[in-house]
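One-letter residues, chain by chain:
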Amino acid sequence: MEIKTVWSVWFSATGTTQKVVTALSKSLAEQLGAGWQEYSFNLPKAREEDLTFDPGDLVVLGVPVYAGRVPNLILPYVRDRIHGGGALAVPVVLYGNRNFDDGLMELRNVARDNGFCPVSAGAFVGEHSFSKVLGAGRPDGDDMALVQQLADRTAAKVKALTEAPAQAVEVEGCDPIRPYYTPRDRHGEPIRDFLKAKPVTDPAKCVKCGLCARICPMGSIDPQDVSSVVGKCIKCCACVKKCPRGAKYFDHEGYLYHQHELEDQYAGRRAESKIFL
Ligand SMILES: Cc1cc2nc3c(=O)[nH]c(=O)nc-3n(C[C@H](O)[C@H](O)[C@H](O)COP(=O)(O)O)c2cc1C
Ligand code: SF4
Ligand code: SF4
């Protein structure tokens, strides 16, 4: 099949999804002799625009896994505003060394139901948003070698196609999609008020540069008073990890408990990235 444009379309609060989707889409564009274009839907303004593709497009569509699924406040944009129009797609998820559960299945299904034909897919490991030790340094060289393998095998598959395949690529996960993963304490009880956790700002470190307010995917940080989180917080950690002064952090008891539980359980083992063709 002839592909005119390979698209890199992603949500990526801390940059791991972006890294994988960019490398994959650029390699595909090169191998298929196609143009390359990018669309980030990180910011609320970008999620006001519909995205519509056509059969000459191949779209690498990437999101992180939150609570075992496509992030719930990002899902409406992906589901309602990104239209496949018969384009080929490569759904990609990034997950933080715990598990991608049904995240890739959900993304593949939404893409398929929106008029894409998902030809291949991948689940890659990235440093966990909540932590610097969980999935530290991922995606690393081995992950990126697998990204390259996915690019090579997808390019070969697309070149051999005479028409878009009728069946979407098979991926790991449950269908119907399971409920969101719930952070729990040691007694199995859901962590109280976890969803209400918001980052705080160290006034001794903050230089009021405004970066955090500009990059918050929810537009929730008040640019006039960056210590104030006025809207919803999805705990994406963009403000925490990208603050040049290290001034943002979480001090919420339940959040810290969950972070340490995850680190205790999963930091000592290497979860593997996986590709599907
Ligand atoms: C609210 C939230 C929930 C998350 N849930 C999971 C999860 O269920 N499993 C997992 O392995 N990682 C989970 N993560 C970690 C992210 O999937 C991972 O850090 C990803 O690489 C972040 O992508 P980004 O750098 O593109 O933002 C979660 C992160 C956040 C912020
Ligand atoms: S990015 Fe950091 S230093 Fe800049 S305004 Fe936000 S908290 Fe302050
Ligand atoms: S305030 Fe919450 S949603 Fe906004 S960037 Fe920080 S962690 Fe993400």
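Cut-offs used in this document
- Residues numbered from 1 in each chain as written.
- Chains lettered and ligands numbered in written order.
- Predicted model: local features only at pLDDT ≥ 70, side-chain atom pairs only at ≥ 80, totals over all residues.
- Heavy atoms only, no water.
- Helix = DSSP H or I, 4+ residues; strand = E, 2+ residues; numbered from the N terminus.
- Rg over C-alpha atoms; globule rule 2.2 N^0.38 Å.
- Buried < 20%, exposed > 50% of the residue type's maximum accessible area, 1.4 Å probe, protein only.
- Contact = heavy atoms within 4.5 Å.
- Areas by Shrake-Rupley, 256 points an atom, 1.4 Å probe, with all protein chains shown as cover.
- Lys, Arg positive; Asp, Glu negative; His and termini not counted.
- Charge placed at Lys NZ, Arg CZ, Asp CG, Glu CD.
- Pairing = 2+ DSSP bridges.
- Right-handed = clockwise from strand over helix to strand, strands pointing away.
- Near = heavy atom within 4 Å.
- 1 Å grid on protein atoms, 1.4 Å probe; cavity = no way out; pocket = protein on both sides within 12 Å on 5 of 7 lines; lining within 4 Å.
- Sits in = over half its atoms within 2 Å of the grid points.
- Nonpolar A, V, L, I, M, F, W, Y, C, P; charged D, E, K, R; others polar.
- Polar contact = N/O pair within 3.5 Å; in protein donor to acceptor, adjacent residues only side chain to side chain.
- Domains from an automatic or database assignment.
- Expected span 1.5 Å × (residues − 1).
- Points joined across faces, edges and corners; volume = space filled by probe spheres on them.

A. Expanded view of the overall build of the chain. Each helix and strand counted, the chain has seven helices and eleven strands in total. Here the C-alpha radius of gyration of the chain, 19 Å, is about what a compact globule of 277 residues would show, namely 19 Å. Viewed in the frame of its principal axes, the chain has a C-alpha envelope of about 60 × 40 × 35 Å. When each of the 277 residues of the chain is scored for burial, the buried share is 53%. Counting contacts in the chain only where the partners sit at least 6 residues apart, residues at least 24 apart contribute 81% of the total. As displayed, the chain offers around 12,800 Å² of accessible surface, 50% of which is attributable to carbon and sulfur atoms. Here the chain contributes 34 positively and 34 negatively charged side chains, and the mean placements of these two sets differ by 3 Å.

B. Region of the structure containing the environment of Pro190. Here Pro190 shows up in the loop between α4 (141–160) and β9 (200–201). Those residues within four positions of Pro190 in sequence are excluded, and the remaining contacts are Thr182, Pro183 and Arg184.

C. How the structure looks around the pairing of strand β2 (residues 35–40). With six bridges joining them, strand β1 (residues 5–10) and β2 adopt parallel strand pairing. Counted as the bridge partner of Val6 is Trp36 from β2. Handedness of the β1-helix α1 (residues 16–32)-β2 crossover: right-handed.

D. Geometry of the site of ligand 2. Lining the immediate surroundings of ligand 2 are 14 residues, of which Cys206, Cys209, Gly210, Cys212 and Cys243 lie closest. The pocket occupied by ligand 2, as judged from atoms lying within 2 Å of grid points, is the second largest cavity. Partitioning the shell around ligand 2 into residue classes produces nine nonpolar, two polar and three charged.

E. Seen up close, helix α3 (residues 103–113). Extensive coverage of α3 is indicated by the burial of nine of its eleven residues. For α3, the set of buried residues is Gly103, Leu104, Met105, Glu106, Leu107, Arg108, Asn109, Val110 and Ala111. Buried-residue contacts for α3 involve β4 (57–64), α2 (75–81), β6 (88–95), β7 (117–118), β8 (121–125) and β11 (274–276). At the C-terminal side of α3, Gly115 shows a positive phi close to 95 degrees.

F. Spotlight on the site of ligand 1. Surveying the vicinity of ligand 1 reveals 25 residues, the closest of which are Ser12, Thr14, Thr16, Thr17 and Val65. In this structure, Ala67 approaches ligand 1 through a main-chain N or O atom, which is 2.8 Å from a nitrogen atom. Contact between ligand 1 and Leu94: an oxygen atom at 3.3 Å from a main-chain N or O atom of the residue. In the complex, the protein chains occlude 95% of the 650 Å² of accessible area that ligand 1 would expose alone. Of the pockets mapped on this structure, ligand 1 occupies the largest pocket. Going through the elements one at a time, α1 and β6 are the ones with two or more residues in the shell around ligand 1. Tallied by class, the residues present in the shell around ligand 1 amount to ten nonpolar, twelve polar and three charged. Of the residues that make up the shell around ligand 1, three or more belong to each of domain 1 (5–179 + 270–276) and domain 2 (198–251).

G. Focus on α4. Given a rise of 1.5 Å per residue, 20 residues ought to cover 28 Å, and the 29 Å separating the end C-alpha atoms of α4 matches this to within 8%. In this fold, the buried residues of α4 make contact with α1, β4, β6, β8 and β11. One side-chain oxygen at the N-terminal end of α4 lies 3.2 Å from the backbone nitrogen of Asp142; it belongs to Asp140.

H. Spatial organisation of empty space enclosed by the protein. Tallied over the full model, the rule gives two cavities of 30 Å³ or more. Within this model, the largest cavity holds a volume of roughly 100 Å³. Pro199, Cys216, Cys233, Cys236 and Cys239 are the residues nearest the centre of the largest cavity, which is lined by 15 residues in total. Here the lining of the largest cavity is composed, by residue class, of twelve nonpolar, one polar and two charged. When its volume is computed, the second largest cavity comes out at roughly 80 Å³. Surrounding the second largest cavity, 14 residues form its lining, Cys206, Cys209, Cys212, Cys243 and Ala247 being those nearest its centre.

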